[in-house]
Amino acid sequence: MTVYFIGAGPGDPELITVKGQRLIHSCPVIIYAGSLVPEAVLQGHRAHQVVNSAELHLEQIIELISQAHARGEDVARVHSGDPSLYGAIGEQIRHLRALGIPFDIIPGVTATAACAALLGVELTLPDIAQSVILTRYADKTTMPAGEEFASLARHGTTMAIHLGVNHLAKIVAELLPHYGADCPIAVVHKASWPDQDWVLGTLDDIVDKVQAKGFRRTALILVGRVLAADSFSESSLYRAGHAHLYRP
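Note that the structure is predicted; figures quoted are calculated from it, not measured.

1. Things to note about the packing of helix α2 (residues 58-71) against helix α3 (residues 89-99)
Direction vectors running N to C along α2 and α3 enclose 45 degrees, while the axes themselves pass 11 Å from each other. By the angle between their axes, α2 is oblique relative to α3. Here the hand of the crossing between α2 and α3 comes out right-handed. Residues Leu 58, Ile 61, Ile 62, Ile 65 and Ser 66 of α2 touch α3, and the partners they reach there are Glu 91, Gln 92, His 95, Leu 96 and Leu 99. Split by residue class, the contact of α2 with α3 holds six nonpolar, three polar and one charged.

2. Quick word on a nonpolar patch on the surface
Where nonpolar side chains cluster on the molecular surface, the patch consists of Leu 85, Tyr 86, Val 132 and Leu 134 and spans about 300 Å² of accessible area. Looking at where Leu 134 falls in the secondary structure, it is placed in strand β6 (residues 132-136).

3. Description of the nonpolar core
Core analysis: the largest hydrophobic core is formed by 24 residues, its most contacted members being Met 159, Leu 175, Tyr 179, Val 187, Leu 203, Ile 206 and Val 223. Contributions of two or more residues to this core are made by α5 (149-153), β7 (158-162), α6 (168-179), β8 (184-189), α7 (206-213) and β10 (219-223). Contacts of Ile 206, omitting those with residues within four sequence positions, involve Leu 168, Val 172, Ile 185, Val 187, Val 199, Leu 200 and Gly 201. Listed in part, the 17 residues of the second largest apolar core include Ala 33, Val 37, Val 41 and Ile 106.

4. Observations regarding the environment of His 48
Residue placement: His 48 occurs in the loop between β2 (29-32) and β3 (49-52). Remark: the alpha-carbon pair of His 48 and Val 29, spanning 19 residues in sequence, is separated by 6.4 Å. In this structure, His 48 is in contact with Pro 28, Val 29, Arg 71 and Glu 73, ignoring residues within four places of it in sequence.

5. Description of the layout of surface pockets
By volume, the largest pocket amounts to about 1,500 Å³. What lines the largest pocket is a set of 50 residues, and nearest its centre among them are Leu 36, Ser 80, Tyr 86, His 162 and Leu 163. Put simply, the parts of the chain that give the lining of the largest pocket at least two residues each are α2, β4 (75-79), α3, α4 (111-119), β6 and β10. Among the residues making up the lining of the largest pocket, the classes are represented as 22 nonpolar, 18 polar and ten charged. Taken domain by domain, the lining of the largest pocket gets at least three of its residues from each of domain 1 (3-106) and domain 2 (111-227).

6. Some thoughts on the domain arrangement of the protein
Domain annotation for the protein reports domain 1 (3-106) and domain 2 (111-227). Computed over C-alpha atoms, the centres of domain 1 and domain 2 are 28 Å apart. Counting residues at the interface gives eight residues for domain 1, matched by ten residues for domain 2. Buried area between domain 1 and domain 2, both sides added, is near 760 Å², and the carbon and sulfur share of it is 69%. Ranking the residues of domain 1 by area buried against domain 2 places Pro 10, Leu 36 and Tyr 86 at the top, with a combined share of 62%. Linking domain 1 with domain 2 are zero salt bridges, by the criterion used here. Counted by class, the side of domain 1 that touches domain 2 contains six nonpolar, one polar and one charged residues.

Reading the values: the criteria
Every chain begins its residue count from 1, and numbering advances along the sequence as written. Reporting in this predicted model follows two pLDDT cut-offs: at least 70 for local features of residues, and 80 or more for side-chain atom pairs to be given and counted; totals over whole chains, interfaces and linings ignore these cut-offs and use all residues. Calculation of side-chain values draws on the structure's entire complement of heavy atoms; hydrogens and water are dropped beforehand. To get an axis, a line is fitted to the C-alpha atoms, and for a helix only the part in contact is used. The angle between two axes follows their N-to-C directions and goes from 0 to 180 degrees. Helix numbers and strand numbers start at the N terminus; a helix is a DSSP run of H or I with at least 4 residues, a strand a run of E with at least 2. Every angle not falling under 35 degrees, over 145, or within 65 to 115 is termed oblique; those three ranges are roughly parallel, roughly antiparallel and roughly perpendicular. Left-handed describes a crossing in which the near helix is turned anticlockwise from the far one by less than a right angle; the clockwise case is right-handed. In what follows, a contact means two residues having at least one pair of non-hydrogen atoms within 4.5 Å. All amino acids are sorted into three groups, where Ala, Val, Leu, Ile, Met, Phe, Trp, Tyr, Cys and Pro are nonpolar, Asp, Glu, Lys and Arg are charged, and the leftover types, Gly among them, are polar. A patch consists of residues whose relative accessible area exceeds 30% and which take part in no salt bridge; residues with like charges are grouped when within 9 Å of each other, and nonpolar side chains (Val, Leu, Ile, Met, Phe, Trp, Tyr) when within 5 Å. A 1.4 Å probe and the Shrake-Rupley method give the accessible areas. Residues count as covered only by the protein chains that appear here. Salt-bridge detection follows one rule: a side-chain nitrogen of Lys or Arg within 4 Å of a carboxyl oxygen of Asp or Glu. Take the buried Ala, Val, Leu, Ile, Met, Phe, Trp, Tyr and Cys residues and link them wherever side-chain atoms come within 4.5 Å; each set so joined is a nonpolar core. Under the scheme applied here, a residue whose accessible area is under 20% of the maximum for its type counts as buried, over 50% as exposed, and between as partly exposed, the area being computed with a 1.4 Å probe on protein chains only. Two kinds of site are reported from a 1 Å grid over the protein atoms alone, namely cavities, where a 1.4 Å probe fits but cannot get out, and pockets, open sets with protein on both sides within 12 Å along at least five of seven lines, and residues are called lining when an atom falls within 4 Å of a point. Grid points are joined across faces, edges and corners, and a volume is the space filled by probe spheres set on the points. Per the annotation, domain bounds derive from an automatic or database assignment of domains. The term buried area denotes the loss of accessible surface (1.4 Å probe radius) that occurs when two parts are joined, taken as the sum for both partners.

Written out as structure tokens, the structure reads:
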């Protein structure tokens, strides 16, 4: 028996790995995060027990898993995006290890990747940004020392900010000294879902644009010069005259 933490991707049922889909179709027990995972992701399953974990607390989830373990039944524990990012799997894994229950993690497409695809951009460009910072707004939980927005923003590189749309004005105020008022920023609502929507602007005008859209939740913020860059060096990878293992 194994618990499979499966990344279902950002919302589009086709943005799930073949392995993740195969396990959803084969596991007799499915526990899925129904607040962010559409039921279409589960289409084709043959499970005898399907539970929406949005209605449960941690101890109830662990109890369901323990019962499946006693029956020798695999569990598809389905999370949105990639389960290793803001998936709250760490606390579940801690319980599973204490109980001696095997588990495996199946990666998924992140919301950041889905947003980049929607906007038609590369998040890392020569001369512009070679790093991507994935972070979240400190609301219910504080950020560890050194991870405050001011500390991260000083790098000036591409940043993806989760759980922050309701605090956009505060975020913009902290980013402005490091990125400048003309820096491009995008707010993407429910990337890859049928009702996906987005706003592209600058730090100077994005707050008004998002207020006009009415985005309140399930939105990701992307900020960085890569969002509007058309002047950058070409990579060495495909440059004529650049030799490497496959092109001597």
